[in-house]
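So you can see what is in the structure, the chains are spelled out below.
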Amino acid sequence: MQIFGWRKRTSVYNPNLSALTRGFSNDPDEVAVAFHRVSLSRYGNSAISGYRVAEFNGKIYNHPLESYTIKTGPDTEAVGVSGAISVSLKDGASIYFTIHETSVSALFENRQAAEVEQFFEELAEYLRANPIYRGKAITTYRKFIDLPNISPGKVVYSDKVWKELNEHVWSLIRKPDECERVGVNLPRKILFQGLFGSGKTLAANITAKIAIENGWTAIVMPTSGPQASLALPAAVLFAGRNSPALLIIEDIELEQRDDNAYVLKNMLDAFDGLVTKWMKIMIIITTNYPDKITAAMNRPGRIDKVIKFGELDPENLKRLVLRVAGEDKFSPDISWASVVSACKDYTPAFVEGVSKNAALEYISADAKFITEKMLVDAANDLREQFENCRKGFGAYL
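(A) Highlighting the overall build of the chain. Helix and strand counts for the chain stand at 12 helices and 15 strands. Considering the chain as a whole, with its 397 residues, one finds that 47% of them fall into the buried category. For the chain, restricting intrachain contacts to residue pairs at least 6 apart in sequence, the fraction spanning at least 24 positions comes to 70%. Just so you have it, the chain exposes about 20100 Å², and 52% of that area is on carbon and sulfur atoms.

(B) Geometry of the packing of helix H1 (residues 28–43) against helix H2 (residues 113–129). Two numbers describe how H1 lies on H2: the axes approach to 9 Å, and their chain directions differ by 125°. The angle between H1 and H2 falls in the class oblique. Read as a crossing pair, H1 and H2 show a hand that is right-handed. Along the contact surface, H1 presents Glu30, Val31, Val33, Ala34, Phe35, Arg37, Val38, Ser39, Ser41, Arg42 and Tyr43, while H2 presents Glu115, Gln118, Phe119, Glu122, Leu123, Tyr126 and Leu127. A class-by-class count of the residues in the contact of H1 with H2 yields 10 nonpolar, 3 polar and 5 charged.

(C) Inspection of the environment of aspartate 304 at higher detail. Note on placement: aspartate 304 falls in the loop between strand E14 (281–287) and strand E15 (305–309). When the C-alpha positions of aspartate 304 and leucine 191 are compared, they lie 7.9 Å apart, and in sequence the two are 113 residues distant. When neighbours within four sequence positions are excluded, aspartate 304 is seen to be in contact with Pro187, Arg188 and Lys189.

(D) View of unusual backbone geometry. For the bond running from leucine 186 to proline 187, omega is 5°, close enough to zero to count as cis. With respect to the helices and strands, proline 187 occurs in the loop between helix H4 (176–181) and strand E11 (188–194). The omega angle of the peptide bond from serine 243 to proline 244 is 0°, so this bond is cis rather than trans. Tracing the sequence through the fold places proline 244 in the loop between helix H6 (231–241) and strand E13 (245–249). Although it is not a glycine, glutamate 101 adopts a positive phi angle of roughly 55°. With respect to the secondary-structure elements, glutamate 101 resides in the loop between strand E8 (94–100) and strand E9 (103–109). Positioned with a positive phi, aspartate 366 is a non-glycine residue whose angle comes to about 50°. Along the chain, aspartate 366 falls in the loop between helix H11 (348–364) and helix H12 (372–393). Accessibility expressed as a relative area gives 70% for aspartate 366, which makes it exposed.

(E) Local environment of the packing of aromatic side chains. Going through the model one piece at a time under the given rule, you end up with 16 aromatic pairs. An angle of 55° between the planes, with centres 5.1 Å apart, marks the rings of phenylalanine 192 and phenylalanine 309 as tilted. Linking phenylalanine 192 in strand E11 with phenylalanine 309 in strand E15, this pair joins segments that are 117 residues apart in sequence. Since its relative accessible area comes to 0%, phenylalanine 192 is described here as buried. We classify phenylalanine 309 as buried; its relative accessible area is 4%. For the pair phenylalanine 350 and phenylalanine 386, a centre-to-centre distance of 5.2 Å together with 85° between the ring planes defines the contact as edge-to-face. Taken together, the positions of phenylalanine 350 in helix H11 and phenylalanine 386 in helix H12 put the pair 36 residues apart, joining distant regions of the chain. Here phenylalanine 350 matches phenylalanine 386 in class, with each residue buried. Grouped by ring-pair contacts, the aromatic residues Phe35, Tyr43, Phe97, Phe119 and Phe120 constitute a single cluster. The lysine or arginine in question, arginine 142, covers the ring of phenylalanine 238, its NZ or CZ lying 3.9 Å from the ring centre.

Reading the values: the criteria
- Throughout, a residue's number is its position along its own chain's written sequence, starting from 1.
- Note on the predicted model: pLDDT of at least 70 is required for a residue's local features to be given, and 80 or more for side-chain atom pairs to be given and counted; whole-chain, interface and lining totals, by contrast, use all residues.
- To get the side-chain values, all heavy atoms of the structure are used, and hydrogens and water are removed first.
- What counts as a helix is a DSSP run of H or I of at least four residues, what counts as a strand is a run of E of at least two, and both are numbered from the N terminus.
- Remark: exposure states derive from per-residue accessible area (1.4 Å probe, protein chains only) relative to the maximum for the residue type, with buried under 20%, exposed over 50%, and partly exposed in between.
- Should any heavy atoms of two residues lie within 4.5 Å, those residues are counted as being in contact.
- Values of accessible area rely on a 1.4 Å probe in the Shrake-Rupley scheme; residue burial ignores everything except the protein chains shown.
- As a rule, the C-alpha atoms of each element are fitted with a line to give its axis, helices using only the stretch in contact, and angles between N-to-C directions run from 0 to 180 degrees.
- For classification purposes, angles smaller than 35 degrees are called roughly parallel, those larger than 145 roughly antiparallel, those between 65 and 115 roughly perpendicular, and all remaining angles oblique.
- The sense of a crossing depends on the near helix, which, turned anticlockwise from the far helix by less than a right angle, makes the crossing left-handed and, turned clockwise, makes it right-handed.
- Just so you know the grouping, Ala, Val, Leu, Ile, Met, Phe, Trp, Tyr, Cys and Pro go in nonpolar, Asp, Glu, Lys and Arg go in charged, and all remaining residues, Gly too, go in polar.
- Only the six-membered ring of Trp is used, alongside the rings of Phe and Tyr, when aromatic pairs are assigned; centres must lie within 6.5 Å, and planes under 30 degrees apart are stacked while those over 60 apart are edge-to-face, with the rest tilted.
- In our convention, an over-ring charge means Lys NZ or Arg CZ found within 6 Å of a ring centre and within 35 degrees of that ring's normal.

Structural measurements only, silent on function.
Set out below in structure tokens:
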């Protein structure tokens, strides 16, 4: 959290009144919760009300206190306040606050200046000590995520993909200081490119888990609607507020909308604009359609590294099949060349399906082992489904 600006002024209408405004680099929800907690602690619940706005027929009318519930974790929540707020002090005087997004303004008598400044300092300290989102897994809609308990040791990729994930993604999270010393700094943008079911999303989930374990914030941006032209820049800003942060954007080709120059410029600025250059963030984007990514994105600074997820080589295909059902369940007489041939072009998701379907036949038949025939039959049964997917998704799939 940082205080990004403040100003104090004396009213031109009443020299006995002053105003003070402070802005914070936190999320608006964090400011709303912090204000509620600090004001309750200093003044008590009965001292806080909506803003006094008018007197009519001898009665004072106030804005109602604008309070709402904010999720602060998967199973926790807190109250936040916004809008116009009146705080009654013990001497009978009042301070009038207005909360707008991430800024808080106070209108007060000059003699209350020290009290107001102490309140703002306490508010700033609360925000520093009690972030809602930093260090957690969350979507850009502020929904907390339970990351799947995936161990990298239980996942099968080609040796090249493993090497590139370790070098270009995970080392930046685990060893940021060493990376900086050799001139590799955040922000960093990585494209995960590959076939449907090739493990891009799984790799992104593993990366999110590693990020959380190393004190980062992991943020997932769901696909936005066609009218949400500022969704991606807002997601990058949210990541920057909660840095160091990992931002995951799936199906980037759906966000670029290169037929709309305004939206495309917003996206390019979000990836490589002046503000973004100083953010401690990593952005992982995924695509099934590398040919649809605009040429303006394809340079270092906007995409720093492309990791290509593809079909498995024969040895890793065998490893994945054995790992899914358990190595002890398979017959020692399997000719793996036949299984590999039956799984030609299959992505890891389909190879996993072959192993699971063969395992179900093994259970149903009360067989001693999963056999070569069971695996080949399972692969053949999935062929039509695979080809339909490939036709539906295009040549790159």
